[in-house]
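Architecture and fold: a report
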Amino acid sequence: MISIDEKGYYGKFGGAYIPELLHPCVEELRLNYEKIMTQPDFQEEFHHLLRDYVGRPTPLYFAKRYSEHFKANIYFKREDLCHTGAHKVNNTIGQILVAQRLNKKRIIAETGAGQHGVATATVCALMGIECIVYMGEKDIERQAPNVKRMKMLGAEVRPAMSGSRTLKDATNEAIRDWINNPSDTHYIIGSVVGPHPYPEMVARFQSVISEEMKKQLLEKTGKANPDAIIACVGGGSNAAGAFYHYLNDEDVRLIAVEAAGLGVHSGETAATSAIGTEGVIHGSRTLLMQTQDGQIVEPYSISAGLDYPGIGPLHAHLISSGRAEAISITDKEALDAAFFLSRTEGIIPALESAHAFAAMNHLDYNEGDTIVINLSGRGDKDLAAYTQALD
Amino acid sequence: MNRIKTLFQNKKEDILNIYFTAGHPNLNDTATIIRELAHAGTDLIEVGMPYSDPLADGLTIQQSSSVALKNGMHLDLLFTQLKDARQHTDIPLVLMGYFNQVLQYGPEKFIRQCVDSGVDGLILPDLPLFEYERDFKALFEANDICISFLITPLTEDYRIRKVDELTNGFIYMVSSNATTGGKADADQQQIAYFNRIEKMGLNNPRLIGFGISDHASFSNACQYANGAIIGSAFIRNLEKENDLRMGIHRFVSGIRQEVHQ
Ligand SMILES: Cc1ncc(COP(=O)(O)O)c(C=O)c1O
């Protein structure tokens, strides 16, 4: 059985490695999140919003031309069709409802690709709550359309200027903000990372993805389970959501796809499980890219949402125990996969999701296998990178 | 005996603890800074192990840490520098950093190095209490290395009791809920917090830290605890001064003036 223990560990990964200053914030959440999210009125409001506001259930689409090409039965879980364009909103809807029930008046978030920032700004607008999004200065440049969307939605975008000026540093800044504003603020983390209870709470909000997948696949194929599920992993929230209800179904292969950047051993990579070691990042014991002295190494990927030197503790556990397989994909392979998908299926994927699609070229599977690829987001935000690749 | 324990046995008030980041402003300033701080009348020194992602720290310590890392600071070098500094002074030395640094270095090797280089205590703000108790307490105690845990205005009483039970040396009392380097206004709420802790009758002495920057805030803090810790203000001063030695002496006597009268 794969599950979290009472101290917040999946196997040896997880926990809460936080300064005492953060303890009251995290403890309030830990003591209350489960009670809150299992209450009937919470569940009702959550599912109502997922249906009428987000547009769930998202389709499980049989990709005919794509399947013919790869000689397998390939389905896409269409998270790109969620309101705001990615799976991130499943989690922000859940967390804003938690924040309201904790009487929080101010929301902070970190963002890499800007999808989580947009999803947070969106639910804050929906609920009329103040919203501050920390974003690495480098990501503000490369994901400009999402910065404009956040501002239009009324959020304040604060640049993170330290370190690699990407997702890791935005997360540091958000955590510092929370330390300085412990009573009125809720921090909506955008992935299955951070101190317990975040990884588990976010995974549970995202688990709606695999809950729907199970029903949809059975309806469409009569099969209870696919042979494999493929998802990209930045922190790992879309993958956690896509894997969640299959974690204990050993017949389903779980494929976690990481960003290799310029190559796993190029020094310019974000392939955490390939070159990472066990340590502590953002309050969680997990796999991360670090030096022998425990300094966190600055990652690199063309995809802002995967440009992170750690992975969530659930994935660290799944990969090190052999339950999940990790594949790493370079910038170039992801770009090629994005163009191939666009031209075979008429779907422009997010750069993050494109990594999951590129993994088809590395996966060894049997002809006729049923494979679900989690299409975590749409590619509008990445047009600049795609156009540049075209030239 | 451990130098931290000796200090607190012999001195009960106006204890001045100064923090600096090892490797900043220059890679090899560590021994000089320690020696001059000791000469100038500091009671205890906290040596920051620069970290790439110092979550609990404000801008000043973040920046000094990244300068130190760019200068090439790393743990083996730091232990060598501390060994050198130890030749010249008996001042208690505390290493402050993040748990991942100790974890990667190897806790046993780390503690052995502390013993060999004359380090007396550690502060690891993100090491969970239960994990210290389960995995490291025996190791620290066997080697007579102290550990200080932090409490804040929002730490519940039951946790303060636990901190008091596990701490040996001194409790690090954070003045307000903020990252390092902020302002410490002695407002009513803060005084109520200081008094509440005083009344708890804890076993360990207490030092107040975060936002102490000058003799006014230092002497105020000393009314409510055994002393206080200055970090960011000292680092900013190091950056301002051309002459390391002179700057340190000016800073420490500036802090001390009122309290010593
Ligand atoms: C479309 C999309 N997919 C995937 C990710 C990666 O995050 P996670 O691994 O948490 O799903 C992001 C992050 O920004 C994203 O925008």
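Rules and cut-offs
Residues numbered from 1 in each chain as written. Chains lettered and ligands numbered in written order. Predicted model: local features only at pLDDT ≥ 70, side-chain atom pairs only at ≥ 80, totals over all residues. Helix = DSSP H or I, 4+ residues; strand = E, 2+ residues; numbered from the N terminus. Rg over C-alpha atoms; globule rule 2.2 N^0.38 Å. Buried ≥ 20, exposed ≤ 12 C-beta atoms within 10 Å, placed from the backbone. Pairing = 2+ DSSP bridges. Axes fitted to C-alpha atoms, helices over the stretch in contact; angles between N-to-C directions. Contact = placed C-beta atoms within 7 Å. Near = placed C-beta within 6 Å. Nonpolar A, V, L, I, M, F, W, Y, C, P; charged D, E, K, R; others polar. Domains from an automatic or database assignment. Expected span 1.5 Å × (residues − 1). Arc of directions from axis to C-beta. Parallel < 35°, antiparallel > 145°, perpendicular 65-115°, else oblique. Core = buried A, V, L, I, M, F, W, Y, C linked by C-beta atoms within 7 Å. Right-handed = clockwise from strand over helix to strand, strands pointing away.

The next thing to look at is the overall build of chain B. When you go through chain B residue by residue, the secondary structure sums to twelve helices and nine strands. The C-alpha radius of gyration computed for chain B amounts to 17 Å, which stays within 12% of the reference 18 Å derived for 261 residues, consistent with globular compactness. For chain B, the spread of C-alpha atoms along the three principal axes comes to 45 × 45 × 35 Å. Put simply, chain B has 261 residues, and 52% of those count as buried.

Strands pair in a sheet through their backbones, by hydrogen bonds, and they do so in one of two ways: parallel or antiparallel. Residue and element names in this part refer to chain A. In space, the six strands of this open sheet follow the order S3-S4-S14-S9-S10-S13, with mixed pairing throughout. Looking along the sheet, the strands with just one partner apiece sit at the ends: strand S3 (60-62) and strand S13 (324-330). Strand after strand, the sheet turns through a mean of 25 degrees between neighbouring axes, direction not considered. Of the strand pairs in this sheet, strand S9 (residues 228-232) and strand S14 (residues 370-375) are connected by three bridges, and their pairing is parallel. Each bridged residue has a counterpart across the sheet, and for Ala-228 the counterpart in S14 is Ile-371. Those strands touched by helix H13 (residues 313-320) are strand S10 (253-261) and S13, and its axis lies near 105 degrees from that of S13.

Moving on, we get to the site of the ligand. All names here are of chain A. Surrounding the ligand, one finds 21 residues, the nearest of these being Gln-115, Gly-234, Ser-237, Gly-305 and Gly-377. Among the secondary structure elements, those contributing two or more residues to the shell around the ligand are helix H5 (115-127), helix H11 (237-243) and helix H15 (351-358). Residue contributions to the shell around the ligand peak at three residues, all from H11. For the shell around the ligand, a count of residues per class yields seven nonpolar, 13 polar and one charged. In this structure, the shell around the ligand is formed jointly by two domains, domain 1 (17-49 + 88-202) and domain 2 (55-86 + 207-390), each of which donates at least three residues.

The next thing to look at is helix H2 (residues 40-54) of chain A. Residues separated by three or four positions in an α-helix point in the same direction, a consequence of the helix having 3.6 residues per turn. Residue and element names in this part refer to chain A. The end-to-end C-alpha separation of H2 is 20 Å, in line with the 21 Å expected for 15 residues at 1.5 Å each. Residues of H2 that are buried include every one of Phe-46, Leu-49, Leu-50 and Val-54, and no others. Along the axis of H2, the buried positions cluster into a sector of 100 degrees, meaning they face one direction only. In H2, the exposed residues that point more than 90 degrees away from the buried face are Pro-40, Asp-41, Glu-44, His-48, Arg-51 and Asp-52.

A word on the packing of helix H1 (residues 23-38) of chain A against helix H4 (residues 88-101) of chain A. Residues and elements named next belong to chain A. Running from amino to carboxyl end, H1 crosses H4 at an angle of 110 degrees, the nearest separation of the two axes being 10 Å. The orientation of H1 relative to H4 falls into the category roughly perpendicular. On H4, the residues that touch Tyr-33, Ile-36 and Met-37 of H1 are Gly-94, Val-98 and Arg-101. Classifying every residue of the contact of H1 with H4 gives four nonpolar, one polar and one charged.

Formed by 209 residues in total, the largest nonpolar core has its most connected members in Ile-229, Ile-230, Ala-231, Ala-256 and Val-257 of chain A together with Ala-228 and Ile-230 of chain B. A domain split of this core shows at least three residues from each of domain 1 (17-49 + 88-202) and domain 2 (55-86 + 207-390) of chain A. For Ala-256 of chain A, the contacting residues outside a window of four places in its chain are Ala-231, Val-233, Ala-239, His-315, Ile-319, Ala-324 and Ala-326 of chain A.

Time to look at the interface of chain A and chain B. Across the contact, 24 residues belong to chain A and 27 residues belong to chain B. Looking at the side of chain A that touches chain B, the elements with two or more residues in it are helix H8 (167-180) and strand S11 (277-281) of chain A. Per-class residue counts for the side of chain A that touches chain B are eleven nonpolar, ten polar and three charged.

Residues and elements named next belong to chain B. Reading across from one edge, S5-S4-S3-S2-S1-S9-S8-S7-S6 is the order of the nine strands in this open sheet, with parallel pairing throughout. Edge positions in the sheet fall to strand S5 (146-147) and strand S6 (150-151), since each of these pairs with one other strand and no more. With two bridges joining them, strand S4 (residues 121-123) and S5 adopt parallel strand pairing. Opposite Leu-122, over in S5, you have Ile-147 as the bridge partner.

A cis geometry characterises the amide bond from His-196 of chain A onward to Pro-197 of chain A, with omega recorded as 15 degrees. Within the element layout of this structure, Pro-197 of chain A appears in the loop between strand S8 (185-187) and helix H9 (198-206). At the junction of His-24 of chain B and Pro-25 of chain B, the peptide bond is cis and its omega measures out at 0 degrees in the coordinates. Relative to the elements of secondary structure, Pro-25 of chain B occurs in the loop between strand S1 (15-21) and helix H2 (30-40). Phi is positive for Asp-144 of chain B, close to 55 degrees, though the residue is something other than glycine. Along the chain, the position of Asp-144 of chain B falls in the loop between helix H7 (129-142) and S5.

All right, on to the pairing of S1 of chain B then. Residues and elements named next belong to chain B. Most of S1 sits inside the fold, with seven of its seven residues counted as buried. Side chains Ile-15, Asn-17, Tyr-19 and Thr-21 project from S1 onto one buried face, and the interleaved Leu-16, Ile-18 and Phe-20 project onto a second face that is buried too. Relative to strand S2 (residues 44-48), S1 is paired through five bridges, and the arrangement is parallel. Paired with Ile-18 across the two strands is Ile-45, which belongs to S2. Taken together, S1, H2 and S2 form a β-α-β motif whose crossover is right-handed.

This brings us to the packing of H5 of chain A against helix H7 (residues 144-152) of chain A. Residue and element names in this part refer to chain A. For the pair H5 and H7, interaxial distance at closest approach is 9 Å and the crossing angle is 10 degrees. Of the possible angle classes, the one that applies to H5 and H7 is roughly parallel. Here H5 contributes Gln-115, Gly-117, Val-118 and Ala-121 to the contact with H7, which in turn contributes Asn-146, Arg-149 and Met-150. A per-class count over the contact of H5 with H7 returns three nonpolar, three polar and one charged.

So, about the domain arrangement of chain A. Residues and elements named next belong to chain A. What the domain assignment reports for chain A is domain 1 (17-49 + 88-202) and domain 2 (55-86 + 207-390). A straight line from the C-alpha centre of domain 1 to that of domain 2 covers 22 Å. Listing elements by their share of the side of domain 1 that touches domain 2, those giving two or more residues are H4, H5, helix H6 (137-142), H7, H8 and H9. Residues that form the side of domain 1 that touches domain 2 fall into these classes: 13 nonpolar, 15 polar and four charged.

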